[in-house]
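Chain by chain, the residues:
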There are 2 protein chains.
Amino acid sequence: MPKPSAREKVMDAYEELLIEQGPGAVTLEAVAARAGVSKGGLLYHFGSKDALVEGLIERIGQLGVADREAARNAPEGVVRYYLESSATDVTDDKAIHHTTMATMRLIGSEPRIDVAMRAYTDEWRLLLNEHITHPVTAEIIGAIGDGLYFRASLGVDPSPLLKELTDVLLRFSEKETEPG
Amino acid sequence: MPKPSAREKVMDAYEELLIEQGPGAVTLEAVAARAGVSKGGLLYHFGSKDALVEGLIERIGQLGVADREAARNAPEGVVRYYLESSATDVTDDKAIHHTTMATMRLIGSEPRIDVAMRAYTDEWRLLLNEHITHPVTAEIIGAIGDGLYFRASLGVDPSPLLKELTDVLLRFSEKETEPG
DNA sequence: GTCTATATTCTGATAGAC
DNA sequence: GTCTATCAGAATATAGAC
């Protein structure tokens, strides 16, 4: 792992602050302090607070592409990959989860954030539809993933029933993806 | 309908601003302006910004109780009531939806908000479990409702597949709630 | 590339008139 | 109960040294 650039350290700090304390606590000073740089140092990399939002949007776009690519190549299949990775919690530090949780904190505050988040969920919905024959089943599984993400953002621990839930849904979807 | 008190007009304005522009745009001045009162007038009813948060938490608690009571008495049954009322959109002005959407904007910003929202989803989960025999089925339906709410908060229109989705899930849950 | 110091604007909250 | 006027603190952003 290459040592993170100052720019990346700032973005990481920005995400952490969004997740742990919400948008109200995200001041340039607080982000700079957590990233270990001065306010001036931060502003060299991100010229305004808005530039931080732009950076977050760029990140979730890139990580989303990589994550869906990983799903396509996953030995367990796209559907199981989706359900298992939706069963996260707020403290998950996997890059795509961290960035997604941070982005969720800004929903409703920035139209561009809403667009990026809708794009993220839409892309997943398309991918699920490629791998599940019945559209209603795909819709159900997509909505459950969104629900699990929402619960994670609320600080709810993943349900102990999650493994069974995944198995039930997989049987449900596989039955319908078989020919005949 | 009794004419709304100034206090209620302020809370309504507070919710509207949270939903439409997010927490960053919610200043005492903006809330007062939308409610049609002065900043001083607002502060007579809510002595601080924090008091607005308290008011919102109180509201979602009361409306949640009333909504679940309505669900218990609904002729279509608790499960269908839950799924159909989860299929909302951000502009829904039914009181419980309006308040829930506003509350979602503050998730992660205020610990008391997170507690209140978890209480809200937990109470629904308990109620669903009273009416669905198989816990995994209850968990699936609960998660779907959360997912539909999350999508609504994102500004996604309710899925055109929603009616079919509800029917599939109801057959699924009813099959398991019959004795045998 | 990173820092300190400063200018400017905004926000929450108080005091007191009506 | 509602308003205007005002203040103290905080936040974004700029300027310029190193």
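These lines cover the structure that appears in this document, whether it is placed above or below. In this text the structure is predicted, and so the values were computed from the model without any measurement. (Residues numbered from 1 in each chain as written. Chains lettered and ligands numbered in written order. Predicted model: local features only at pLDDT ≥ 70, side-chain atom pairs only at ≥ 80, totals over all residues. Heavy atoms only, no water.)

## Digging into the overall build of chain A
Applied cut-off: Segments assigned H or I by DSSP are reported as helices when at least four residues long, segments assigned E as strands when at least two residues long, and all are numbered from the N terminus. Between buried and exposed lies partly exposed: a residue is buried under 20% and exposed over 50% of the maximum accessible area for its type, with that area taken using a 1.4 Å probe on protein chains only. Contacts are assigned to residue pairs with any non-hydrogen atoms lying within 4.5 Å of each other. Where accessible areas are quoted, they stem from the Shrake-Rupley method and a 1.4 Å probe; at the residue level, only the protein chains shown are allowed to cover.
Of regular secondary structure, chain A possesses 9 helices and 0 strands. For chain A, the α and β elements follow one another from N to C terminus as α-α-α-α-α-α-α-α-α. Viewed in the frame of its principal axes, chain A has a C-alpha envelope of about 65 × 35 × 30 Å. Looking at chain A as a whole, 51% of its 180 residues qualify as buried. Of the contacts formed within chain A by residues at least 6 apart in sequence, a portion of 71% connects residues at least 24 apart. For chain A, the computed accessible surface area is about 8,300 Å², with 54% contributed by carbon and sulfur atoms.

## So, helix α8 (residues 135-154) of chain A
Residue and element names in this part refer to chain A. The cut-off we apply is this: Each helix should span, by expectation, one fewer than its residue count multiplied by 1.5 Å.
Over its 20 residues, α8 runs 29 Å from end to end, which matches the ideal 28 Å to within 8%, given 1.5 Å per residue. Most of α8 sits out of view: 19 of its 20 residues are buried. Note on α8: the residue one or two positions beyond its end, Gly-155, has a positive phi of about 90 degrees.

## With respect to the packing of α8 of chain A against helix α7 (residues 111-131) of chain B
Heads up, the condition is: Whenever a helix is involved, its axis is fitted only over the stretch in contact; in every case the axis is a line through C-alpha atoms, and angles between N-to-C directions fall within 0 to 180 degrees. By definition in this entry, angles of less than 35 degrees are roughly parallel, angles greater than 145 are roughly antiparallel, angles of 65 to 115 are roughly perpendicular, and the rest are oblique. Each residue is assigned to one of three groups, with Ala, Val, Leu, Ile, Met, Phe, Trp, Tyr, Cys and Pro labelled nonpolar, Asp, Glu, Lys and Arg labelled charged, and all others, Gly among them, labelled polar.
Between α8 of chain A and α7 of chain B, the least distance of the axes is 10 Å, while the angle of their chain directions is 140 degrees. It follows that α8 of chain A is oblique to α7 of chain B by the angle criterion. Judged by residue contacts, Phe-150, Arg-151 and Leu-154 of chain A of α8 of chain A engage Asp-114, Met-117, Arg-118, Thr-121 and Arg-125 of chain B from α7 of chain B. Taken together, the residues of the contact of α8 of chain A with α7 of chain B sort by class into 3 nonpolar, 1 polar and 4 charged.

## Describing the protein's contact with DNA strand C
Counted only if it meets this: What makes a residue near a molecule or strand is one non-hydrogen atom of that residue sitting within 4 Å of it. What qualifies as a polar contact is a pair of N or O atoms within 3.5 Å, subject to a donor-acceptor requirement within protein and to the restriction that residues adjacent in sequence count only when both atoms come from side chains.
The local shell around DNA strand C holds 14 residues, among which Ser-38, Tyr-44 and His-45 of chain A together with Leu-28 and Lys-49 of chain B are the closest. Contact between DNA strand C and Ser-38 of chain A: a phosphate oxygen at 2.6 Å from a main-chain N or O atom of the residue. The contact in question runs from a phosphate oxygen of DNA strand C to an N or O atom on the side chain of His-45 of chain A, over 2.4 Å. Where the surface near DNA strand C is concerned, the elements lending two or more residues are α3 (39-45) of chain A together with α3 (39-45) of chain B. With 4 residues, α3 of chain A is the single largest residue contributor to the surface near DNA strand C.

## Some points on the protein's contact with DNA strand D
Taken together, 14 residues form the shell around DNA strand D, and within it Leu-28, Lys-39 and Lys-49 of chain A together with Ser-38 and His-45 of chain B come nearest. For DNA strand D, the backbone makes up 61% of the atoms found within 4 Å of the protein, where backbone means sugar plus phosphate. Within the side chain of Tyr-44 of chain B, an N or O atom sits 3.1 Å from a phosphate oxygen of DNA strand D. Elements with a contribution of two residues or more to the surface near DNA strand D: α3 of chain A together with α3 of chain B. It is α3 of chain B that contributes the most residues to the surface near DNA strand D, 4 residues altogether. For the surface near DNA strand D, a count of residues per class yields 6 nonpolar, 6 polar and 2 charged.

## Details of the layout of surface pockets
What counts is decided by this rule: Any residue with an atom within 4 Å of a point lines the site, the site being either a cavity, points on a 1 Å grid over the protein atoms alone where a 1.4 Å probe fits but cannot get out, or a pocket, an open set with protein on both sides within 12 Å along at least 5 of 7 lines. Grid points are joined across faces, edges and corners, and a volume is the space filled by probe spheres set on the points.
The space that makes up the largest pocket amounts to roughly 500 Å³. Lining the largest pocket are 26 residues; nearest its centre among them are Pro-23, Gly-24 and Ala-25 of chain A together with Pro-23 and Gly-24 of chain B. For the lining of the largest pocket, the secondary structure elements donating two or more residues are α1 (6-21) and α4 (49-73) of chain A together with α1 (6-21) and α4 (49-73) of chain B. A per-class count over the lining of the largest pocket returns 14 nonpolar, 6 polar and 6 charged. Contributing to the lining of the second largest pocket are 15 residues, with Pro-4, Glu-8, Asp-12, Arg-59 and Ala-95 of chain A lying nearest its centre. Looking at the lining of the second largest pocket, the elements with two or more residues in it are α1, α4 and α6 (95-104) of chain A. Ranked by residue count, the leading element in the lining of the second largest pocket is α1 of chain A, at 4 residues. Here the lining of the second largest pocket is built from residues that sort into 5 nonpolar, 3 polar and 7 charged.

## A few points about the packing of aromatic side chains
Worth spelling out the cut-off: Any two rings among Phe, Tyr and Trp, with Trp reduced to its six-membered ring, count as a pair given centres within 6.5 Å; such a pair is stacked if its planes are under 30 degrees apart, edge-to-face if over 60, and tilted if neither.
Counted by the stated rule, this structure contains 5 aromatic pairs over all chains. On the numbers, 4.9 Å between centres and 45 degrees between planes, the contact of Tyr-82 of chain A with Trp-124 of chain A is tilted. Residue Tyr-82 of chain A is located in helix α5 (residues 78-86), and its partner Trp-124 of chain A is located in helix α7 (residues 111-131); the two are separated by 42 residues in the primary sequence. Here Tyr-82 of chain A and Trp-124 of chain A have matching classes, each one buried. Seen from their ring centres, Tyr-81 of chain B and Trp-124 of chain B are 6.4 Å apart, and the 20 degrees between their planes marks the pair as stacked. Of this pair, Tyr-81 of chain B sits in helix α5 (residues 78-86) while Trp-124 of chain B sits in helix α7, placing them 43 residues apart in sequence. The two residues Tyr-81 of chain B and Trp-124 of chain B agree in class, both being buried. Put simply, the rings of Tyr-81, Tyr-82 and Trp-124 of chain A touch in pairs and so form one group of aromatic residues.

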